[in-house]
Amino acid sequence: MKSIVAFVLAVLCAGVANAQLKAPTEPVMDRFLRYVKIDTQSQEDQTTTPSTRKQLNLANLLAKELTALGAQNVRVSEFGIVYATVPGNLADNSKVPVIGFIAHMDTSPAVSGENVNAIIHKNYQGGDITLPKDPTQVITVAKNPVLKELIGDDIITADGTTLLGSDDKSGCAEIMTMIDILRQNPQIKHGTLAIAFTPDEEVGTGIEKFDVKGFGAKFAYTVDGEELGEISDETWSARTATVTFQGKSTHPGTAKGIMVNAMYAIGDYLNRFPHDILPETTADRVGFVHPYAGVIDVESSNLKILLRDFDVSGLDAKEKLLRDMVAQTVAKFPEVKISIDVKENYKNMKEVLKNYPELTNNAMEAARRAGLKPFLKPIRGGTDGSNLTFQGLPTPNLFTGGGNFHGKLEYNSRRGLEKSTETLVHLVQIFAEKS
Ligand SMILES: [Zn+2]
């Protein structure tokens, strides 16, 4: 209760004059704890969207709750995407761009999300956190220096047997609570908001079914990041290379002068990868090449390689390196036919977002009004936002307060959820003020 009062005061101090703000009908923490109980694990290599039917359980619940919160045009698409509109409350809503807020409902295929038993570590006083059902699962201060900022907070984890699902039920709960607060407090002025909750983000396929036009937003934010204050308007640019090594197989008893064993060529090629541009040796803004799968066989071998860089020129250089390595292996194994095929996967959304600096600036301002220190962090991966950005909907990514995604050590906290929600409330006000 105390934290709700603090929350309301914080909103009050930050700009809405002469108004006693009402708390949401339900604290964001309670909402979050309800959502994590629903198993929404997605699955790789499925032909349907959503990849697992159980994601619809959360989709249908969110649709019901959106309707109860007064959202309009609430619908669940045939692909399990929840869409809704929150009407603006300005004299002329057409003067403010429609802003979208998007979170994903599914959890990672890497770790079970079934029977999540959320543990609340009340009034955390520092030190490592051992998860009760598996003492080998320990959130250590050494590996999670952010824990020092959570002293006095209520930390939420799973019990050590599952992931928590903070990624991205935090985003779902925060967006829903923002809508709740706006409904309770009509004196907070905002334009029209477009809301979406998506399936299958973790397997990369849900966003392909997203109806950008029907969504109706001019800009959007995914609420799917980590540490409080972390805002991302940059992702990798990504390509995948397939190198094929064609040899000639024959019965080994009569192979003399006939057999060409492609396996030696693939071994030679693998040996040429420079050690300083691999995922295991790079961090921050440094890109990599990553051989991650392949087939090894006398007749035909192949290798699949990820190429990642924040700059297209850096990505081009990595592609050239892989092609030069092919030429070197060809010189050594002239009888093996070697070919390389490179495909583009996604591009750094900064290429588009640099033309819309107000999206990042407004988010930074909103975080500051919530009492946070915002910072920009490029994402060493792709987001649904990078896909949407190149479909014509510029979409940076905002923090949720959580961390250690995709694993049993995943966490968020009461303050993390509340401050992220508060930032969203400020953000819609800022767009209204500035238009
Ligand atoms: Zn996520």
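Coordinates for the structure precede this section.
Described below are features of the structure shown in this document. (Residues numbered from 1 in each chain as written. Predicted model: local features only at pLDDT ≥ 70, side-chain atom pairs only at ≥ 80, totals over all residues. Heavy atoms only, no water.)

For the rest of this paragraph, the subject is the overall build of the protein chain. Helix and strand content of the protein chain: 11 helices and 17 strands. For a compact globule of 435 residues, the expected C-alpha radius of gyration is about 22 Å, and the protein chain comes in at 25 Å, within 12% of that figure. If you line up the protein chain on its principal axes, its C-alpha atoms span 90 × 50 × 40 Å. Within the protein chain, residue pairs in contact and separated by at least 24 positions form 79% of the contacts whose partners lie at least 6 positions apart. Separation between the mean location of the 46 positive side-chain charges and that of the 53 negative ones in the protein chain comes to 2 Å. (Helix = DSSP H or I, 4+ residues; strand = E, 2+ residues; numbered from the N terminus. Rg over C-alpha atoms; globule rule 2.2 N^0.38 Å. Contact = heavy atoms within 4.5 Å. Lys, Arg positive; Asp, Glu negative; His and termini not counted. Charge placed at Lys NZ, Arg CZ, Asp CG, Glu CD.)

Further remarks concern the side chain of E174. Along the chain, the position of E174 falls in helix 4 (residues 166-184). Although buried, E174 forms no salt bridge, and the nearest oppositely charged side chain, R31, lies 11 Å from it. With residues near it in sequence (within four places) discarded, E174 still touches V28, V223, F399, T400, N412, G416, L417, S420, T421 and L424. (Buried < 20%, exposed > 50% of the residue type's maximum accessible area, 1.4 Å probe, protein only. Salt bridge = Lys/Arg side-chain N within 4 Å of Asp/Glu carboxyl O.)

Our next topic: the nonpolar core. Ranked by size, the top nonpolar core spans 62 residues in total, and within it F101, I175, M178, I195 and F197 carry the most contacts. Take this core: its biggest share by element is 8 residues, from helix 4. Formed by 23 residues, the second largest nonpolar core is a distinct cluster that contains V260, A265, I277 and V342. (Core = buried A, V, L, I, M, F, W, Y, C linked by side-chain atoms within 4.5 Å.)

Following the criterion strictly, the structure yields 2 cavities of 30 Å³ or more and no others. Surrounding the second largest cavity, I102, A103, H104, D168, T198, E201, T222, D224, T383, D384 and N397 form its lining. Of the residues that constitute the lining of the second largest cavity, the class distribution is 2 nonpolar, 5 polar and 4 charged. (1 Å grid on protein atoms, 1.4 Å probe; cavity = no way out; pocket = protein on both sides within 12 Å on 5 of 7 lines; lining within 4 Å. Points joined across faces, edges and corners; volume = space filled by probe spheres on them. Nonpolar A, V, L, I, M, F, W, Y, C, P; charged D, E, K, R; others polar.)

With 14 residues, helix 3 (residues 55-68) should cover 20 Å at 1.5 Å per step; its first-to-last C-alpha distance of 20 Å lies within 8% of that length. If you check which residues of helix 3 are buried, you get Q55, L56, L58, A59, L62, A63, E65 and L66. Just downstream of helix 3 lies G70, where phi reads positive at about 85 degrees. (Expected span 1.5 Å × (residues − 1).)

Another point: the packing of aromatic side chains. In total, this model carries 10 aromatic pairs according to the counting rule given. Aromatic pair F245 and Y269: ring centres 5.7 Å apart, planes at 65 degrees, arrangement edge-to-face. Pair noted here: F245 is in strand 11 (residues 237-246) and Y269 is in helix 6 (residues 262-271), with a separation of 24 residues, a long-range link. Note on accessibility: F245 and Y269 belong to one class, buried. Ring plane angle 90 degrees and centroid distance 5.7 Å describe the contact between Y269 and F273, whose orientation is recorded as edge-to-face. (Phe/Tyr/Trp six-rings, centres within 6.5 Å; stacked < 30°, edge-to-face > 60°.)

Attention shifts here to the environment of N89. In this fold, N89 is placed in the loop between strand 2 (82-86) and strand 3 (99-104). As a C-alpha pair, N89 and A363 span 274 residues in sequence and 21 Å in three-dimensional space. At 2.8 Å, the side chain of N89 forms a polar contact with the backbone oxygen of I188. Of note is the side chain of N89, whose polar atom sits 2.9 Å from the backbone nitrogen of H190. (Polar contact = N/O pair within 3.5 Å; in protein donor to acceptor, adjacent residues only side chain to side chain.)

The subject of this paragraph is the coordination of the zinc ion. The zinc ion binds to the protein through H104 (NE2), D167 (OD), D224 (OD) and D224 (OD); the donor distances cover 1.9 to 2.6 Å. Considering all 4 donor atoms around the zinc ion, the spread of angles at the metal, 53 to 147 degrees, places the coordination shape in the irregular class. (Donors = N, O, S within 2.8 Å, 3.2 Å for Na, K, Ca; no water. Tetrahedral: all angles 85-135°; square planar, octahedral: opposite > 155°, others 65-115°.)

The next thing to look at is the sheet that holds strand 17 (residues 411-413). Strand order in this open sheet of 3 strands is 4-7-17, and the pairing throughout is antiparallel. In this open sheet, the two edge strands, each paired with only one partner strand, are strand 4 (119-121) and strand 17. Averaged over all pairs of adjacent strands, the angle between strand axes in this sheet comes to 30 degrees, irrespective of strand direction. Pairing analysis gives 3 bridges linking strand 4 to strand 7 (residues 155-157), with the strands arranged antiparallel. Counterpart to H121 in the pairing with strand 7 is I155. In this fold helix 11 (residues 414-434) packs onto strand 7 and strand 17, with an angle of close to 70 degrees to the strand it touches most, strand 17. (Pairing = 2+ DSSP bridges. Axes fitted to C-alpha atoms, helices over the stretch in contact; angles between N-to-C directions.)

In spatial order, the strands read 12-13-11-14; together these 4 strands make up an open sheet with antiparallel pairing. Two strands bound the open sheet, and with one partner strand each, they are strand 12 (288-295) and strand 14 (337-346). Ignoring which end each strand starts from, the neighbouring axes of this sheet average 20 degrees apart. Where strand 12 meets strand 13 (residues 300-309), 7 bridges bridge the pair, whose relative direction is antiparallel. Paired with F288 across the strands is R308, a residue of strand 13. With respect to the sheet, helix 7 (residues 312-332) is in contact with strand 11, strand 12, strand 13 and strand 14, its orientation differing from that of strand 13 by roughly 155 degrees.

With respect to the secondary-structure elements, L278 resides in the loop between helix 6 and strand 12. Residue class for L278 comes out buried when judged on its relative accessible area of 9%. Non-local contacts of L278, meaning those with residues more than four positions away in its chain, are made with F273, F288 and V289.

A separate point is unusual backbone geometry. In this chain, T49 is followed by P50 through a cis amide linkage whose omega measures 0 degrees. You can see P50 is positioned in the loop between helix 2 (28-36) and helix 3. Omega for the peptide link from D167 to D168 comes to 10 degrees, which places this bond in the cis form. As for its placement among the helices and strands, D168 is situated in helix 4. A positive phi angle is found at D45, which is not glycine, with a value near 60 degrees.

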